[in-house]
Amino acid sequence: MAHAAVTIVALIVTNLALKSAGVINEENKHQLNWKVFLAYFVVVFIINLVWPI
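Being a predicted model, the structure only gives us computed values, none of them experimental. Position labels on residues start from 1 in each chain and follow its written sequence. Note on the predicted model: pLDDT of at least 70 is required for a residue's local features to be given, and 80 or more for side-chain atom pairs to be given and counted; whole-chain, interface and lining totals, by contrast, use all residues. Derived side-chain values reflect all non-hydrogen atoms in the structure, with water molecules and hydrogen atoms excluded from consideration.

Draft legend 1. Up close: the overall build of the protein chain. To qualify as a helix, a DSSP run of H or I must reach at least 4 residues; to qualify as a strand, a run of E must reach at least 2; elements of each kind are numbered from the N terminus. Within the protein chain, the secondary structure is distributed over two helices and zero strands. Here's how the labels work: a residue is buried when its accessible area is under 20% of the maximum for its type, exposed when over 50%, partly exposed in between, all with a 1.4 Å probe on protein chains only. Within the protein chain, the fraction of its 53 residues that count as buried is 21%. By element, 73% of the accessible surface of the protein chain is carried by carbon and sulfur atoms, the whole surface being about 4300 Å². The method behind every accessible area is Shrake-Rupley, applied with a 1.4 Å probe, and residues are considered shielded solely by the protein chains displayed.

Now the structure itself:
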């Protein structure tokens, strides 16, 4: 359960960082963005490398 909570917090922080960097804006918020997908993938991948279930 803690692993899921850490993953959720990391994805929220990543989302906020992408918004502040201008990668996510109101125009393309609901479209598939490969930069956002790749950022989420890398974050979850690193968490799973450091803390496997």
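Draft legend 2. Representation of the packing of aromatic side chains in the model. Pairing of aromatic rings covers Phe, Tyr and Trp, the last counted by its six-membered ring, and requires centre-to-centre distances within 6.5 Å; plane angles under 30 degrees mean stacked, over 60 mean edge-to-face, and any other angle means tilted. Enumeration over the complete set of coordinates arrives at two aromatic pairs. Plain terms: the ring middles of Trp34 and Phe37 are 5.6 Å apart, the flat faces sit at 85 degrees to each other, and that makes the pair edge-to-face. One end of the pair, Trp34, and the other, Phe37, are both in helix α2 (residues 34-50), three residues apart, so they sit about a helical turn from each other. Its relative accessible area of 60% is what places Trp34 among the exposed residues. Aromatic side chains Phe41 and Phe45 sit 6.0 Å apart centroid to centroid with 15 degrees between the ring planes, which places their arrangement in the stacked category. In this pair, Phe41 and Phe45 both sit in helix α2, four residues apart, roughly one turn of the helix. Given the relative accessible area of 46%, Phe45 is considered partly exposed.

Draft legend 3. Molecular detail of α2. An ideal rise of 1.5 Å per residue puts 24 Å on 17 residues; α2 measures up with 24 Å between its terminal C-alpha atoms. Looking at α2, one finds that the buried residues are Val36, Ala39, Val43 and Ile47. Buried residues of α2 fall within an arc of 65 degrees about the axis and therefore sit on the same side. Seen from the buried face of α2, the exposed residues on the opposite side, beyond 90 degrees, are Trp34, Leu38 and Leu49. Take the number of residues in a helix, subtract one, and multiply by 1.5 Å to get its expected span. Note that the arc is defined by the directions from the helix axis to the C-beta atoms.

Draft legend 4. Just helix α1 (residues 2-21), in detail. For α1, with 20 residues, the first-to-last C-alpha span of 28 Å sits near the 28 Å given by 1.5 Å per residue. If you check which residues of α1 are buried, you get His3, Thr7, Ala10, Thr14 and Leu18. Along the axis of α1, the buried positions cluster into a sector of 75 degrees, meaning they face one direction only. Facing away from the buried side of α1 by more than 90 degrees, the exposed set consists of Ile8, Val9, Val13, Leu16 and Ser20. Contacts are assigned to residue pairs that have any heavy atoms within 4.5 Å of one another. Those residues of α1 that are buried are in contact with α2. One or two steps after α1, the chain reaches Gly22, where phi turns positive at roughly 90 degrees.

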